[in-house]
Amino acid sequence: MNREAEAALRAVAAQFEATREDLERIAGTLSASTVPTLGEFAGQVLELLSGRTLGTYRHHILRLVDEFGDRRLDEVQPLDLERLAVRTRRDALELRDAKHGFGAQESFVNATRFLFTCAQKAGHLRDNPSAALARPRRRRSVRRALSSDELAALFDAVMTTSRDPELDVLILAFARETACRREGILNLRIADVQPVPSVMLYEKFDEQREIPISEQLERALRAHVRARPSATDAVFRYRDGQPLTDRRFDTLFKRVGDHLPWAKSLGVSLHWIRYSTLTDIRMSGGERVASAYAGHGDQSGGITGLYTRATFEELRAAHDHLFG
């Protein structure tokens, strides 16, 4: 019996002058709870996740199971979750060489809120113990566009340190021209490479957009596919034909950071290349073209924005101006 039920039972007993025996008899009828334990419910929550969200939340949900898996969902207290959130940040500092650990803490809070919100929707909870968990205040990002010299050094570092430079340089070249996210590379299929030349990108929220590419990049993509036969239709492949995984980006930029101290200090990642390309596109094509190139959509234009958004021809003009 949880604390809330016990308190309510004692209040009723006091009002009706129930004896201790009465209280124990009533408590016996309430002892069998239908609320599952956190460990039992966690599997249902994980089934609702996919993609990078699953990769991010899974670690934290499993940590909740390790800590509170044998407790019923209504027995987990807000202070328990707060302590674990703080410990998650400290562990990130000690084990992952993180700069401040706030990213790990924020991911933990998001995963915890998701789990207990699902428990509420399933009817297992009335009050959400994770509702009071506060996300750490986000620090101002140091991300900026990389200069041409920095981009050249980045490509050179990949050529120098990679065990598969053909694959890794192609990843960087594709990211540089398309300003794609990780998902755009991982989700790219052979049929998405158009003869225009252009590619169809599938990224956040299952949205898609057509982005122009150079003829050289189109030829390189098709040559990469031919050179690495595979049963999959994914464009980006390892030497054995297996499709690229999300982990490749982390190992790629870790090697770059070990080779270029300034890149490690800044925390340069694939998103920095996206940021650099979009900055250059905005300089040549304007905010509207850059927004369409980024896949941000027309967020404030309403119905009018649907008719005035940048056309593919405008994206092509901006691409050609930047890449020739």
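Note: the structure precedes this text.
Residues numbered from 1 in each chain as written. Predicted model: local features only at pLDDT ≥ 70, side-chain atom pairs only at ≥ 80, totals over all residues. Heavy atoms only, no water.

K.L.:
How would you summarise helix H16 (residues 312-323) if you had to cite specific residues and measurements?
P.N.:
The terminal C-alpha atoms of H16 lie 16 Å apart, and with 12 residues this matches the ideal 16 Å at 1.5 Å per residue to within 8%. For H16, the complete set of buried residues consists of Leu315, Arg316, Ala318 and His319. Down the axis of H16, the smallest arc covering the buried residues is 165 degrees, so these residues share one side. Away from its buried face, by an angle of more than 90 degrees, H16 presents the exposed residues Glu313 and His321. (Helix = DSSP H or I, 4+ residues; strand = E, 2+ residues; numbered from the N terminus. Expected span 1.5 Å × (residues − 1). Buried < 20%, exposed > 50% of the residue type's maximum accessible area, 1.4 Å probe, protein only. Arc of directions from axis to C-beta.)

K.L.:
Give a detailed account of the sheet that holds strand E3 (residues 208-212), specifying residues and quantitative values.
P.N.:
Strand order in the open sheet formed by three strands is E1-E2-E3, with antiparallel pairing between adjacent strands. A single partner strand is all that each edge strand has here, and the edge strands are strand E1 (193-194) and E3. (Pairing = 2+ DSSP bridges.)

K.L.:
Explain the pairing of strand E2 (residues 198-202) to me, and be specific about the residues and the numbers.
P.N.:
In regular strands, side chains alternate between the two faces of the sheet. With four of five residues buried, E2 is to be regarded as a mostly interior element. Where E1 meets E2, two bridges bridge the pair, whose relative direction is antiparallel. Opposite glutamine 194, over in E2, you have serine 198 as the bridge partner. Linking E1 back to E2 in an antiparallel pair, the connection comprises three residues. Across five bridges, the pairing between E2 and E3 is antiparallel. When the sheet's bridge partners are listed, methionine 200 is paired in E3 with glutamate 210.

K.L.:
Explain the pattern of salt bridges residue by residue, including any values.
P.N.:
Across all of its chains, the model carries 23 salt bridges by this definition. In this structure, arginine 72 and aspartate 74 form a salt bridge, with 3.2 Å as the shortest nitrogen-oxygen distance. Lysine 254 is the salt-bridge partner of aspartate 258, the closest N and O atoms lying 3.3 Å from each other. Placement of the pair is aspartate 258 and lysine 254 together in helix H11 (residues 247-259), with a separation of four residues, close to one helical turn. By relative accessible area, which is 55% here, lysine 254 ends up exposed. (Salt bridge = Lys/Arg side-chain N within 4 Å of Asp/Glu carboxyl O.)

K.L.:
Just give me the short version of the environment of valine 76, but keep the residues and values in it.
P.N.:
Relative to the helices and strands, valine 76 is located in the loop between helix H4 (51-68) and helix H5 (78-95). The class of valine 76 is buried, set by a relative accessible area of 3%. The sequence separation of valine 76 and leucine 38 amounts to 38 residues, and the corresponding C-alpha distance is 8.5 Å. Among residues more than four places away in sequence, those in contact with valine 76 are Leu38, Phe68, Arg71, Leu81, Phe116 and Pro129. (Contact = heavy atoms within 4.5 Å.)

K.L.:
Outline the packing of helix H3 (residues 38-46) against H4, listing residues and values.
P.N.:
Put simply, H3 and H4 touch, their axes get as near as 9 Å, and they point 170 degrees apart. In terms of orientation, H3 lies roughly antiparallel with respect to H4. Residues Leu38, Gly39, Ala42, Val45 and Leu46 of H3 form the contact with H4, whose own contacting residues are Leu54, Arg58, Ile61, Leu62, Leu64, Val65 and Phe68. (Axes fitted to C-alpha atoms, helices over the stretch in contact; angles between N-to-C directions. Parallel < 35°, antiparallel > 145°, perpendicular 65-115°, else oblique.)

K.L.:
So what's going on with the packing of aromatic side chains? Residues and values would help.
P.N.:
Following the criterion strictly, the structure yields two aromatic pairs and no others. With a centroid separation of 6.0 Å and 55 degrees between ring planes, the pair formed by tyrosine 57 and phenylalanine 114 is classed as tilted. Taken together, the residues tyrosine 57 in helix H4 and phenylalanine 114 in helix H6 (residues 102-121) connect sequence positions 57 residues apart. Geometrically, the ring pair formed by phenylalanine 174 and phenylalanine 236 is edge-to-face, given 5.4 Å between the ring centres and 75 degrees between the ring planes. Note that phenylalanine 174 is positioned in helix H8 (residues 165-178) and phenylalanine 236 in the loop between helix H10 (215-227) and H11, a separation of 62 residues in sequence. Like phenylalanine 174, the residue phenylalanine 236 is buried in the burial classification. (Phe/Tyr/Trp six-rings, centres within 6.5 Å; stacked < 30°, edge-to-face > 60°.)

K.L.:
Which residues make up the packing of H8 against H11, and what values go with them?
P.N.:
Following both chains from N to C, one finds H8 and H11 inclined at 95 degrees, their axes separated by 12 Å at the closest point. As the angle between them shows, H8 and H11 are arranged roughly perpendicular. Mapping the contact onto sequence places Leu167, Asp168, Ile171 and Leu172 in H8 and Arg248, Phe249, Leu252, Phe253 and Arg255 in H11. Class assignment of the residues belonging to the contact of H8 with H11 gives a composition of six nonpolar, no polar and three charged. (Nonpolar A, V, L, I, M, F, W, Y, C, P; charged D, E, K, R; others polar.)

K.L.:
So what about the nonpolar core? Which residues, and what values?
P.N.:
Among the nonpolar cores identified, the biggest contains 47 residues, and Phe174, Ile185, Val199, Leu221, Phe236 and Leu244 are the most heavily contacted of them. Setting aside anything within four residues of it in sequence, one finds valine 199 in contact with Phe174, Thr178, Leu188, Asp192, Val193, Arg209, Glu210, Ile211, Ile213 and Leu221. The next biggest cluster of nonpolar side chains, apart from the first, holds 25 residues, and it includes Leu38, Phe41, Leu49 and Ile61. (Core = buried A, V, L, I, M, F, W, Y, C linked by side-chain atoms within 4.5 Å.)

K.L.:
Could you give me a rundown of H10, with the residues and numbers involved?
P.N.:
An α-helical turn contains 3.6 residues, so any two residues separated by three or four positions project in the same direction. Helix length check: H10, at 13 residues, gives a terminal C-alpha distance of 18 Å against a target of 18 Å (1.5 Å per residue), a fit within 8%. Turning to H10, its buried residues number three or more, namely Leu217, Glu218, Leu221, His224 and Val225. Looking straight down H10, one finds its buried side chains confined to an arc of 125 degrees; they lie on one side. Of the exposed residues in H10, those oriented more than 90 degrees away from the buried face are Glu215, Gln216, Arg226 and Ala227. If you follow the buried residues of H10, they end up packed against H8, E1 and E2.

Shape is all these values report; function is a separate question.
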